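Listed here are the chains, written in short residue letters.
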Number of protein chains: 6
Amino acid sequence: MVLRMPTIIVEGPPIGIETKRRLVERLTRAASEEYGISSITVLIKENAAENVGIDGALLHDKRRKKK
Amino acid sequence: MVLRMPTIIVEGPPIGIETKRRLVERLTRAASEEYGISSITVLIKENAAENVGIDGALLHDKRRKKK
Amino acid sequence: MVLRMPTIIVEGPPIGIETKRRLVERLTRAASEEYGISSITVLIKENAAENVGIDGALLHDKRRKKK
Amino acid sequence: MVLRMPTIIVEGPPIGIETKRRLVERLTRAASEEYGISSITVLIKENAAENVGIDGALLHDKRRKKK
Amino acid sequence: MVLRMPTIIVEGPPIGIETKRRLVERLTRAASEEYGISSITVLIKENAAENVGIDGALLHDKRRKKK
Amino acid sequence: MVLRMPTIIVEGPPIGIETKRRLVERLTRAASEEYGISSITVLIKENAAENVGIDGALLHDKRRKKK
């Protein structure tokens, strides 16, 4: 019987599918080895810059000022 | 005074509105009866196959291999 | 190959193990049938009344006033 | 050394960018002052009305009935 | 009919009940006014310093070094 | 200006502090390199076996049967 459980939720910016592939592969390997459980689920959440607040301002606005 | 609280977050694949209706109805009935609280909020999260990792690979890639 | 994914996170008050058993059994059956996926993970989160705010006041304080 | 941590996740309906700006600004100020930590991340999650269940029915359906 | 929904989840360090009271009161007022919805649920999550990683190290270890 | 954001939430079983150290270190390195962002927050959530449901049964009960 496989006792599954670990789920990793990643809240980050939008990324390409190649990055998703590597991210899932690496996060899973790390969690799998540290927990000693082979079965890991990863959920990648992509947050638009206007939905993220950093220290009180939208990431969307911080990026514009930076230019 | 109603003391609300239970919130159910469901992380799954994209589904149609009819399925959402039934899912919300059933999850709410179950939680409502078990908690003894009539007021339940359900949040359905739809995850694209390229944002889900299962045991180290994207669900998106697993599905393609399966064909 | 099993394509697992749905994870249900339930944020509610503390409950007994018998309630947890039934809650998991019922939520899983509902989600499993609606998604057409047999493999479902449920995470029960128990929130102390002093960690829950309802409409601006702690649930802990609302309960005391109610008596 | 800055010891960052507090993250605020807001699950609500879709809103405009001006509302997001004020929401992030106000939630951050409140959390920052109460925790005594200047560095706060806010994630705004916008949920379509057909992905939200309130007391057993989709918010999407409740709104239609209301008209 | 009240159309409830916004839920705010706050991931932070352990805090006292007085701080929780003010935090809930302030976060709720901000969200309530910005969303135009009076009914808001707040869930305060208290994370022990050994369960938080900041830039690759446990907050627990960072604090010890700081002394 | 540092544009922080990625937060990784890990829902797993209880683990020792040494495992937490390595887990945080490895997850952060992976996410940091893939996102190209040095600043990553990890939140480790430890779930008791009686709060986890796997395919309809509590993990707590599955483990007892296994013996």
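Note that the structure is a prediction, hence the values are computed from the model and not measured.

A. The arrangement of the overall build of chain A in detail. Across its full length, chain A carries two helices and four strands. Its C-alpha atoms give chain A a radius of gyration of 16 Å, clearly above 11 Å, the size a compact globule of 67 residues would have. Scored against the burial criterion, the 67 residues of chain A give a buried share of 63%. Taking the intrachain contacts of chain A between residues at least 6 apart in sequence as the baseline, contacts between residues at least 24 apart amount to 58%. With an accessible surface of roughly 2800 Å², chain A has 49% of that area assigned to carbon and sulfur atoms. Positive and negative charge centroids in chain A, built from 13 and 9 side chains respectively, lie 5 Å apart.

B. Fine view of the relation of the copies chain B and chain E. At an RMSD of 0.0 Å, chain B and chain E line up after a rotation of 180° and a shift of 0.0 Å along the axis. In symmetry terms, the pair is related by a two-fold rotation axis. In terms of C-alpha distance to the rotation axis, chain B has B:T7 as its closest residue, with the C-alpha 4.2 Å off the axis.

C. Spotlight on the interface of chain B and chain E. Listed per partner, the contact involves five residues of chain B and five residues of chain E. Both faces combined, the contact of chain B with chain E buries some 470 Å², and carbon together with sulfur accounts for 55% of it. Joining chain B to chain E, the criterion identifies zero salt bridges. Put simply, chain B and chain E have zero residue pairs in polar contact (both at pLDDT 80 or more) between them. Of the residues contributing to the side of chain B that touches chain E, the split by class is two nonpolar, two polar and one charged.

D. Just the pattern of salt bridges, in detail. Under the counting rule described, the total for this entry stands at 60 salt bridges over all chains. The closest approach of N and O atoms between B:R21 and D:D61, which form a salt bridge, is 2.6 Å. Here D:D61 lies in helix α2 (residues 59-66) and B:R21 lies in helix α1 (residues 17-35), a pairing that spans two chains. Judged by relative accessible area, B:R21 falls into the partly exposed class, the value being 27%. Across the pair C:E11 and E:K45 runs a salt bridge, and its minimum N-O distance is 2.5 Å. With C:E11 in strand β1 (residues 7-12) and E:K45 in strand β2 (residues 41-46), the pair connects residues from two separate chains. Each of the salt bridges in this network shares a partner with another, and the network as a whole consists of A:E18, A:R21, A:R22, A:R26, B:D61, F:E33 and F:E34.

E. Highlighting the sheet that holds strand β3 (residues 52-54) of chain B. The eight strands are arranged β4(B)-β3(B)-β2(A)-β1(A)-β1(F)-β2(F)-β3(E)-β4(E) in an open sheet whose pairing can be described as mixed. Strands at the two margins of the open sheet, each flanked by one partner only, are β4 (57-58) of chain B together with β4 (57-58) of chain E. Of the pairings in the sheet, the one linking strand β2 (residues 41-46) of chain A to β3(B) comprises three bridges and is antiparallel in character. If you follow A:V42 over to β3(B), its bridge partner there is B:G53. Along the sheet, helix α1 (residues 17-35) of chain A makes contact with β1 (7-12) and β2 of chain A, β3 and β4 of chain B together with β1 (7-12) and β2 (41-46) of chain F, crossing β2(A) at roughly 140°. Lying on the sheet, helix α1 (residues 17-35) of chain F is in contact with β1 and β2 of chain A, β3 (52-54) and β4 of chain E together with β1 and β2 of chain F; it crosses β2(F) at an angle near 140°.

F. The relation of the copies chain F and chain A, seen in detail. Its rotation angle being 180°, the transformation that places chain F on chain A also includes 0.0 Å of axial translation and leaves an RMSD of 0.0 Å. Looking at chain F, 100% of its interface residues are interface residues in chain A too, so the copies touch through the same face.

G. Broad picture of the packing of helix α1 (residues 17-35) of chain D against helix α1 (residues 17-35) of chain E. Taken N-terminus to C-terminus, the directions of α1(D) and α1(E) make an angle of 175°; their axes are 9 Å apart at the nearest point. What the angle tells us is that α1(D) and α1(E) run roughly antiparallel. Along the contact surface, α1(D) presents D:T19, D:R22, D:L23, D:R26, D:L27, D:R29, D:A30, D:A31, D:E33, D:E34 and D:Y35, while α1(E) presents E:T19, E:R22, E:L23, E:R26, E:L27, E:R29, E:A30, E:A31, E:E33, E:E34 and E:Y35. Residue composition of the contact of α1(D) with α1(E), grouped by class: 10 nonpolar, two polar and 10 charged.

H. Fine view of the pairing of strand β2 (residues 41-46) of chain C. In terms of burial, β2(C) is largely enclosed, as five of its six residues are buried. Where the polypeptide runs from β1(C) across helix α1 (residues 17-35) of chain C and back to β2(C), its parallel neighbour, the crossover connection is right-handed.

I. Quick peek at α1(F). Residue and element names in this part refer to chain F. Helix length check: α1, at 19 residues, gives a terminal C-alpha distance of 26 Å against a target of 27 Å (1.5 Å per residue), a fit within 8%. Regarding α1, the residues found buried are T19, K20, L23, V24, L27, T28, A30, A31, S32, E34 and Y35. G36, located one to two residues past α1, shows a positive phi value of around 70°.

J. Focus on the pairing of strand β1 (residues 7-12) of chain B. Residues and elements named next belong to chain B. Of all six residues making up β1, six are buried, and the element is well covered by its neighbours. Residues T7, I9 and E11 line one face of β1 and the alternating positions I8, V10 and G12 line the opposite face, and both faces are buried. Both β1 and strand β2 (residues 41-46) contribute to a ladder of six bridges, which runs parallel. Following the sheet pairing, V10 is matched in β2 by I44.

K. Structural view of the interface of chain F and chain A. Listed by partner, the interface residues are 34 residues for chain F and 34 residues for chain A. Buried surface at the junction of chain F and chain A, summed over both partners, amounts to about 3200 Å²; 66% is from carbon and sulfur atoms. Three residues stand out in chain F for area buried against chain A, namely F:M5, F:E34 and F:Y35, and they jointly supply 23% of the buried area on that side. Taken together, chain F and chain A are joined by six salt bridges. Where chain F touches chain A, the interface holds nine residue pairs in polar contact (both at pLDDT 80 or more). Taken together, the elements giving at least two residues each to the side of chain F that touches chain A come down to β1, α1, β3 (52-54) and α2 (59-66) of chain F.

Analysis parameters
Residues numbered from 1 in each chain as written. Chains lettered and ligands numbered in written order. Predicted model: local features only at pLDDT ≥ 70, side-chain atom pairs only at ≥ 80, totals over all residues. Heavy atoms only, no water. Helix = DSSP H or I, 4+ residues; strand = E, 2+ residues; numbered from the N terminus. Rg over C-alpha atoms; globule rule 2.2 N^0.38 Å. Buried < 20%, exposed > 50% of the residue type's maximum accessible area, 1.4 Å probe, protein only. Contact = heavy atoms within 4.5 Å. Areas by Shrake-Rupley, 256 points an atom, 1.4 Å probe, with all protein chains shown as cover. Lys, Arg positive; Asp, Glu negative; His and termini not counted. Charge placed at Lys NZ, Arg CZ, Asp CG, Glu CD. Least-squares fit on C-alpha atoms with pLDDT ≥ 70 in both. Buried area = accessible area lost by both parts, 1.4 Å probe. Salt bridge = Lys/Arg side-chain N within 4 Å of Asp/Glu carboxyl O. Polar contact = N/O pair within 3.5 Å; in protein donor to acceptor, adjacent residues only side chain to side chain. Nonpolar A, V, L, I, M, F, W, Y, C, P; charged D, E, K, R; others polar. Pairing = 2+ DSSP bridges. Axes fitted to C-alpha atoms, helices over the stretch in contact; angles between N-to-C directions. Parallel < 35°, antiparallel > 145°, perpendicular 65-115°, else oblique. Right-handed = clockwise from strand over helix to strand, strands pointing away. Expected span 1.5 Å × (residues − 1).

Distances and angles like these do not, on their own, reveal function.
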